[in-house]
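Structural description and commentary
Listed below, chain by chain, are the residues.
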Amino acid sequence: MLRWLPGDDPRSLQKTFGPVIITGPKRSDLLRGFAPAAAAALAFLLVFGLLGGWILAGRMLAPLTRIAYAARMAANGSLSHRIRMKGRQDEFRGLADVFDTMLEQLESHVAEQQRFAANASHELRTPLAISRTLLDAARNDPTRDQGELIERLHTVNTRAINLTEGLLLLSRADRRSFPREPVDLSLIAEEAAETLLPLAEKRQITLDVTGETTQTIGSTALILRMVTNLVQNAIVHNLPAGGTVTVHTEPQHDASVLRVENTGHPLPSELVPTLTEPFQRGTERIRTDEHAGVGLGLAIVHSIVRAHDGTLDLTPRPTGGLIVTIRLPGTPPQERGLSTC
Ligand SMILES: Nc1ncnc2c1ncn2[C@@H]1O[C@H](COP(=O)(O)OP(=O)(O)OP(=O)(O)O)[C@@H](O)[C@H]1O
Ligand SMILES: [Mg+2]
């Protein structure tokens, strides 16, 4: 058997065995045989790759399309649309959930603003409408008592001014643009009680200020307004006579606490959380008729507490009346040192 190894010289073979013909597949044969199959395989891989990529990208990006749709709807003013994405908890689901929460908060904020604007317009229109009615009545009947008319117009006008001032104060506290300084809550409590003592005496209410010195950082004017509103509420929404009001201040861990507690009619527990909403007044049965407040007192208190990074807690007393607890951030020791300088 003849064996030709790659190192052998073909000429030596030729010499020994005569002409040698080496046969095998030609290049063109190879090309003809494999090219169509290779092209078909390539085409298949290309189509498969493109199709697979397209389907995969579609599946991967579908959540983004839904999020983009919700964002477009929100941009066009529809805040009620939600993504509500189902499936496993991945990054897209997390993003969609955060987006839904943001939309929910935006929607409730816008609804609150609309309610506020509607209530404010209504409340501002009321004194104007009453003034017009009084003036019309005076014009139609010149013999009417002018003194009484002026007195009633004065009352209505004062109410309108109080309302406008309340609204201005609310927006000032919400903007948080006020200078901050160390404030002693116990001194503020005493000042508020002193101012309102004549009102308490007139209504036969016992007003006590107890507790210790406790400091916070904030606007003295706003904090005084906050405490005054609370003490005034505690007096006017109390029993018709013989009620009590206690204003207590104390430091607690790193907070300054103010508590205003008063006797009064029992408050329905479902009503209490709504009392801090602007223009929210107690039910007719609970309201004392002489005190026709506009319903901004507690909303202003809440807004001042928020602007000072504090918390407000309203608890109805089982025997009637209310306990209002405010926690404001306490003063760090170094600031306390500064304030005494
Ligand atoms: N200390 C309190 N004890 C019992 N009820 C209270 C007390 N404080 C507030 N309320 C109830 O909450 C309602 C809202 O209080 P808020 O101070 O906001 O308004 P107002 O006192 O009616 O009017 P305004 O303070 O604007 O003159 C009151 O109408 C009253 O029914
Ligand atoms: Mg009030």
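Named according to an unreviewed UniProt entry, the protein chain is histidine kinase originating from Streptomyces bingchenggensis. The heading Catalytic activity (unreviewed entry) in the UniProt record of the protein chain holds the text "ATP + protein L-histidine = ADP + protein N-phospho-L-histidine." As its UniProt record puts it under Subcellular location (unreviewed entry), the protein chain is described as follows: "Cell membrane".

Turning our attention to the site of ligand 1. Taken together, 17 residues surround ligand 1, and among them Asn 233, His 237, Asn 262, Leu 296 and Leu 298 come closest. Gly 295 is positioned with one of its backbone polar atoms (N or O) 2.9 Å from an oxygen atom of ligand 1. A distance of 2.8 Å separates an oxygen atom of ligand 1 from a polar atom in the backbone of Leu 298. Elements with a contribution of two residues or more to the shell around ligand 1: α6 (220-236) and α7 (297-307). Of the residues assigned to the shell around ligand 1, the class counts are seven nonpolar, nine polar and one charged.

Following the UniProt record, one finds the feature "transmembrane region" (unreviewed entry) at residues 34-57. Secondary structure content for residues 34-57 is 100% helix and 0% strand, and the end C-alpha separation is 34 Å.

This part covers the nonpolar core. Membership of the largest hydrophobic core comes to 48 residues, with the highest contact counts inside it found for Met 226 and Leu 258. If you list the elements that add at least two residues to this core, you get α4 (146-175), α5 (185-202), α6, β4 (244-252), β5 (255-262), α7 and β7 (322-329). The element best represented in this core is α6, accounting for eight residues. Formed jointly, this core draws a minimum of three residues from each of two domains, domain 1 (91-175) and domain 2 (181-340). Grouped together as the second largest cluster of nonpolar side chains are eight residues, Ala 70, Met 85, Phe 99 and Leu 103 included.

Overall, the coordinates contain two aromatic pairs when judged by the stated rule. With 5.8 Å between their ring centres and 35° between their planes, Phe 116 and Phe 279 make a pair best called tilted. One end of the pair, Phe 116, is in helix α3 (residues 91-140); the other, Phe 279, is in the loop between β5 and α7, with 163 residues separating them in the sequence. The exposure class assigned to Phe 116 is partly exposed, which follows from its relative accessible area of 26%.

Rules used in this analysis
- Residues numbered from 1 in each chain as written.
- Chains lettered and ligands numbered in written order.
- Predicted model: local features only at pLDDT ≥ 70, side-chain atom pairs only at ≥ 80, totals over all residues.
- Heavy atoms only, no water.
- UniProt positions renumbered as here; feature names shortened; annotations may be inferred.
- Near = heavy atom within 4 Å.
- Polar contact = N/O pair within 3.5 Å; in protein donor to acceptor, adjacent residues only side chain to side chain.
- Helix = DSSP H or I, 4+ residues; strand = E, 2+ residues; numbered from the N terminus.
- Nonpolar A, V, L, I, M, F, W, Y, C, P; charged D, E, K, R; others polar.
- Core = buried A, V, L, I, M, F, W, Y, C linked by side-chain atoms within 4.5 Å.
- Buried < 20%, exposed > 50% of the residue type's maximum accessible area, 1.4 Å probe, protein only.
- Domains from an automatic or database assignment.
- Phe/Tyr/Trp six-rings, centres within 6.5 Å; stacked < 30°, edge-to-face > 60°.

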